[in-house]
Amino acid sequence: MSESGPLVGIVMGSKSDWEVMKNATAMLDELGISHEAKALSAHRNPEQVHEWASSAEERGIQVIIAAAGMAAALPGVVAAITSLPVLGCPMETRVMGGMDSLLSMAQMPGGIPVGTLAVGKAGAKNAALLAAAIIALSDDEIRTRLKAFRQAQNETVAELD
Ligand code: RP5
């Protein structure tokens, strides 16, 4: 297992998902969690997806965040290949607003879970926070930073007039 490689692997079905998924990398950066991000499609690049997912654990990745839109097979396919926890981020879509993506990844058959987050930007941010919480179970520094983030967020109360 790698000691210095990324702890979180982010994979998305298309470069067009990056605008949303950069919210996940920004949150991971804020928490000081190393990560890698790639655009690989379950449908367009099945062999590269298999190679990436099957090597993730030995490269030291602890949590995978997988984003996709429409017939959003990517998180489920990745979860079928690796036993690492896979967090799914459904992308908003033009025709169905992201309900297609959400159901594609949430409705996994028993035996292969995908922990599915909200559609869009909130889900991307929360995937990073959930990844941090998983890693924090065995990493004191990340646990401390996650608790500090939650405390600061708790103290942020908007004044409106
Ligand atoms: C999915 O299809 C991708 O995750 C993306 O959300 C959607 C559209 O992809 P592009 O046509 O923009 O490449 O596979």
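Calculation criteria
- Residues numbered from 1 in each chain as written.
- Predicted model: local features only at pLDDT ≥ 70, side-chain atom pairs only at ≥ 80, totals over all residues.
- Heavy atoms only, no water.
- Buried < 20%, exposed > 50% of the residue type's maximum accessible area, 1.4 Å probe, protein only.
- Helix = DSSP H or I, 4+ residues; strand = E, 2+ residues; numbered from the N terminus.
- Pairing = 2+ DSSP bridges.
- Right-handed = clockwise from strand over helix to strand, strands pointing away.
- Salt bridge = Lys/Arg side-chain N within 4 Å of Asp/Glu carboxyl O.
- Near = heavy atom within 4 Å.
- Polar contact = N/O pair within 3.5 Å; in protein donor to acceptor, adjacent residues only side chain to side chain.
- Areas by Shrake-Rupley, 256 points an atom, 1.4 Å probe, with all protein chains shown as cover.
- 1 Å grid on protein atoms, 1.4 Å probe; cavity = no way out; pocket = protein on both sides within 12 Å on 5 of 7 lines; lining within 4 Å.
- Points joined across faces, edges and corners; volume = space filled by probe spheres on them.
- Nonpolar A, V, L, I, M, F, W, Y, C, P; charged D, E, K, R; others polar.

> Quick question: what am I supposed to make of the pairing of strand β1 (residues 8-12) here?
The side chains of a regular strand alternate, first on one face of the sheet and then on the other. Counting buried positions along β1 yields five of five residues, so the element is predominantly enclosed. Along β1, one buried face is formed by V8, I10 and M12 and the opposite face, lined by G9 and V11, is buried too. Alignment of β1 against strand β2 (residues 35-39), held across five bridges, turns out to be parallel. Residue pairing for β2: V8 is matched across the bridge by H35. Read as a crossover between parallel neighbours, the route from β1 over helix α1 (residues 18-30) to β2 is right-handed.

> Is there a simple way to explain unusual backbone geometry in this structure?
Negative phi characterises most residues that are not glycine, and trans characterises most peptide bonds. Within the chain, M70 stands out as a residue other than glycine whose phi angle is a positive 65°. Residue M70 is classed as exposed on the basis of its relative accessible area, which comes to 58%.

> Explanation requested: the pattern of salt bridges in the structure shown.
For side chains bearing opposite charge, pairing can occur when the charged atoms are close. Enumeration according to the criterion identifies four salt bridges in this entry. A salt bridge links K22 to E19; the shortest N-O distance between them is 3.0 Å. Within this pair, K22 and its partner E19 are both found in helix α1, separated by three residues, close to a single helical turn. On the basis of relative accessibility, which here comes to 34%, the residue K22 falls in the partly exposed class. Residue E19 is classed as exposed on the basis of its relative accessible area, which comes to 52%. Ionic pairing is found between E36 and R59, a salt bridge with its closest N-O pair at 3.1 Å.

> Even after reading the chapter, I still don't get the site of the ligand, so can you show me in this structure?
All residues in the neighbourhood of the ligand are listed as G13, S14, S16, D17, R44, A68 and G69. With respect to the ligand, the side chain of S16 contributes an N or O atom lying 2.6 Å from an oxygen atom. Between the ligand and the protein, one listed contact pairs an oxygen atom with a side-chain N or O atom of R44 at 2.8 Å. Here the ligand, which alone exposes 360 Å², has 71% of that area covered by the protein.

> Before we go on, may I ask you to explain the layout of surface pockets in this structure?
To locate leftover empty space, one rolls a probe as large as a water molecule over the atoms. A volume near 380 Å³ is recorded for the largest pocket. Looking at the largest pocket, it is lined by 19 residues, and the ones nearest its centre are S14, D17, R44, G69 and M70. Looking at the lining of the largest pocket residue by residue, the class counts come to nine nonpolar, seven polar and three charged.

In short, shape yes, function no, at least from these values alone.
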